[in-house]
Amino acid sequence: MIEQVAALYDKKFNCPYCENSFASKRVRSGSLSMIKRDSDFCTYFKEQSINPILYTVNVCPSCGFAFTELFTERLNPAQKRLVGERIAAKWTPKELGGNRSLSMAAAAYKLAIYAAELTDQVHSVKAGLYLRLAWLYRFTENASEEKRFLQIAVNEYEQSYIHSDYTRGDKEMSEVRVLYLIGELMRRIEQYDKAIQYFSRTLEFRNRTVETGILQMAQDQWAQAREDYKEQQKGLPSAKIS
Ligand SMILES: [Zn+2]
């Protein structure tokens with residue numbers, strides 16, 4: 001608990017809808033020690049209660065508009081009207097900017113997803129929100145909710161790839177990385193044929209990218225997807241009789 005208090009600090013934000021100024025917790029990067037990273041980049045820290053993904057979303061306590069630093073800074077008049085009607089008018093003032101449990105963080109993501117859909121944020125922003133919400137469910141071992149949100153995340157990443165908006169905001173995202181990630185999310189939702197296609201497209205970047213770590217992961221997960229696919233075929237009707 002002492003660790004947690006020292007690791008968090010207040011950061012000030014201005015609400016793009018009501019212009020209220022409020023504070024939301026952030027994690028000091030120096031206080032994190034990573035334990036492991038899953039094949040879809042979900043990262044685990046020694047102190048999971050200060051995993052930065054719990055603190056990505058800012059929720060305006062006075063109007064309920066929830067956003068991340070990747071949202072557009074301004075709302076146009078039509079978006080403002082929608083937020084006013086669908087979010088602010090229904091909001092009971094409450095504070096989500098303090099220390100967050102996993103369930104409070106999930107609630108914040110759901111608010112941000114609703115706000116992102118309503119205000120037409122780019123696909124990459126929506127994809128990132130859905131993926132992180134899926135990870136929160138992974139942390140609580142809720143496999144069905146995890147899979148539900150991975151499914152939406154991968155659709156958004158595919159759209160993001162098609163519309164080339166995947167570099168907007170996320171500095172780490174590159175073409176080779178987004179192709180790999182789509183492949184891996186497809187594998188996780190058991191769309192093995194699509195997973196294999198996306199891993200193959202990733203591997204076409206051999207000799208064209210400095211991201212050799214991603215190529216290695218694509219190679220490994222491509223092999224895994226082929227295995228998974230064979231297992232799935234075995235599990236089809238004929239096997240059920242035995
Ligand atoms: Zn507000």
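Just so it is clear, the structure is predicted and the values come from calculations on it, not from any experiment.

A look at the packing of helix α6 (residues 175-188) against helix α7 (residues 192-203)
Direction vectors running N to C along α6 and α7 enclose 160°, while the axes themselves pass 7 Å from each other. Here α7 runs roughly antiparallel to α6, going by the angle between their axes. Here α6 and α7 pass one another in a crossing that is left-handed. Packed against α6, whose contacting residues are Val-176, Leu-179, Tyr-180, Ile-182, Gly-183, Glu-184, Met-186 and Arg-187, the element α7 presents Tyr-192, Lys-194, Ala-195, Tyr-198, Phe-199, Arg-201 and Thr-202 at the interface.

A look at the UniProt feature "repeat: TPR" (unreviewed entry) in the protein chain
UniProt's entry tags residues 176-209 with the feature "repeat: TPR" (unreviewed entry), counted in the numbering of this structure. For the annotated span residues 176-209, helix accounts for 74% and strand for 0% of the residues, and the straight-line distance between the end C-alpha atoms is 8 Å.

Observations regarding α6
An α-helix turns once per 3.6 residues; consequently, residues spaced three or four apart project the same way. Here α6 spans 20 Å end to end across 14 residues, near enough to the 20 Å set by a 1.5 Å rise per residue. The buried fraction of α6 is high, at twelve of 14 residues. For α6, every residue scored as buried is listed here: Val-176, Arg-177, Val-178, Leu-179, Tyr-180, Leu-181, Ile-182, Gly-183, Glu-184, Leu-185, Met-186 and Arg-187. Tucked into the core, α6 has its buried residues touching α4 (123-139), α5 (143-162), α7 and α8 (212-234). Following α6 by one or two positions, Glu-190 adopts a phi angle in the positive range, close to 70°.

With respect to the side chain of Ser-160
Relative to the helices and strands, Ser-160 is located in helix α5. A relative accessible area of 0% places Ser-160 in the buried class. Apart from residues lying up to four places away in sequence, Ser-160 is in contact with His-123, Ser-124, Asp-165 and Tyr-166.

Here's the deal with the environment of Pro-52
Structurally, Pro-52 is set in the loop between β4 (43-45) and β5 (58-59). Spatially, the C-alpha atom of Pro-52 lies 9.7 Å from that of Leu-8, the residues being 44 residues apart in sequence. When residues no more than four places from it in sequence are discounted, the contact partners of Pro-52 are Val-27, Leu-32 and Phe-45.

A few points about the pairing of strand β3 (residues 34-37)
Here β3 runs beside β4; their pairing, made up of three bridges, is antiparallel. Considered in β4, the bridge of Met-34 is made with Phe-45. In this antiparallel pair of consecutive strands, β3 and β4, the connection spans five residues, and Phe-41 shows a positive phi of 75°.

Quick word on the coordination of the zinc ion
Protein coordination of the zinc ion is provided by Cys-15 (SG), Cys-18 (SG), Cys-60 (SG) and Cys-63 (SG), with donor distances spanning 2.2 to 2.3 Å. On the basis of relative accessibility, which here comes to 0%, the residue Cys-60 falls in the buried class.

Brief notes about the environment of Leu-133
Structurally, the position occupied by Leu-133 is in helix α4. By relative accessible area, Leu-133 is classed as buried at 0%. Ignoring sequence-local partners within four residues, the contact set of Leu-133 consists of Ala-106, Tyr-109, Lys-110, Ile-113 and Phe-149.

Rules used throughout
- Sequence order as written defines the numbering, with residues in each chain counted from 1.
- Predicted model: local features are reported for residues with pLDDT of at least 70 only, side-chain atom pairs are reported and counted for 80 or more only, and whole-chain, interface and lining totals are derived from all residues.
- By convention in this description, side-chain values take in all heavy atoms of the structure and omit both hydrogens and water.
- Inter-axis angles, ranging from 0 to 180 degrees, are taken between N-to-C directions of lines fitted to C-alpha atoms, where helices are fitted over the stretch in contact.
- Numbering of helices and strands runs from the N terminus; a helix is a DSSP stretch of H or I covering at least four residues, while a strand is a stretch of E covering at least two.
- When describing relative orientation, an angle under 35 degrees is termed roughly parallel and one over 145 degrees roughly antiparallel, while 65 to 115 degrees is termed roughly perpendicular and anything else oblique.
- In this scheme the handedness of a crossing depends on how the near helix is turned from the far one: anticlockwise by less than a right angle means left-handed, clockwise means right-handed.
- The contact criterion used is simple: two residues touch if any of their non-hydrogen atoms lie within 4.5 Å.
- UniProt positions are given in the numbering used here, feature names are shortened, and annotations may be inferred rather than shown by experiment.
- Take the residue count of a helix, subtract one, and multiply by 1.5 Å to get its expected span.
- The cut-offs for exposure are 20% and 50% of the maximum accessible area for each residue type, with area from a 1.4 Å probe on protein chains only; residues under the lower value are buried, those over the upper are exposed, and the others partly exposed.
- Strands pair, by our definition, only if DSSP identifies at least two bridges between them.
- Each metal site lists N, O and S donors within 2.8 Å (3.2 Å for Na, K and Ca). With water left out of the atoms, a site can look as if it is missing ligands.

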